[in-house]
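So you can see what is in the structure, the chains are spelled out below.
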Amino acid sequence: LVLVNALAGELTAPGDPLRGNFNAFIGQHRETLAATRIVSFNDDGHHFINWSRFNMLIAGAVRQLGEKLSEAKAEIADLRRLLPGQSNR
């Protein structure tokens, strides 16, 4: 998820207010995006995305979100069982 956010921030046009929100965050992850060959950064600002690697990045982010959602659902179920008068849902 970190790299997806960094990618979104890096590829936002200069002057766009969203880019300003990502500047510090991007600085931490730009090298990783380049090292993993997800993005080829060019000095002229025209960056190239490796769409195969980008799709792998997105698939990984979706998997991470699914895992977090499953963990949260299990925790909510556990907490509900602790409430008085609650049946197992």
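Because the structure is predicted, anything quoted here is derived from the model rather than measured. Chains are numbered independently. Their residues run from 1 in the order of the written sequence. Whole-chain, interface and lining totals are the exception, using all residues; otherwise, since this is a predicted model, local features are given only for residues with pLDDT of at least 70 and side-chain atom pairs are given and counted only at 80 or more. Hydrogens and water molecules were not included; the side-chain quantities draw on all heavy atoms of the structure.

## A short note on the packing of aromatic side chains
To keep it simple, the criterion reads: In this scheme Phe, Tyr and Trp rings, the latter by its six-membered ring, pair at centre separations within 6.5 Å, and the angle between planes marks the pair as stacked below 30 degrees, edge-to-face above 60, and tilted otherwise. We count a stretch as a helix when DSSP gives it H or I for four or more residues in a row; a strand needs E for two or more, and each element gets its number in order from the N terminus. Any Lys NZ or Arg CZ that is within 6 Å of a ring centre and within 35 degrees of that ring's normal is treated as a charge sitting over the ring.
If you walk through the whole model with that rule in mind, you get one aromatic pair. With a centroid separation of 5.1 Å and an interplanar angle of 80°, the aromatic rings of Trp51 and Phe54 are classed as edge-to-face. One end of the pair, Trp51, and the other, Phe54, are both in helix H3 (residues 51-82), three residues apart, so they sit about a helical turn from each other. If you follow Arg30 out to its NZ or CZ, it ends over the ring of Phe41, 4.1 Å from the centre.

## Considerations on H3
What counts, and what does not: By this rule the span expected of a helix is its residue count minus one, scaled by 1.5 Å. Exposure classes here rest on a 1.4 Å probe applied to the protein chains alone. A residue is buried below 20% of its type maximum, exposed above 50%, and partly exposed in between.
In a regular helix each residue adds 1.5 Å, so 32 residues correspond to 46 Å; H3 covers 47 Å between its end C-alpha atoms and thus fits that length. Along H3, the residues classified as buried are Phe54, Leu57, Gly60 and Ala61.

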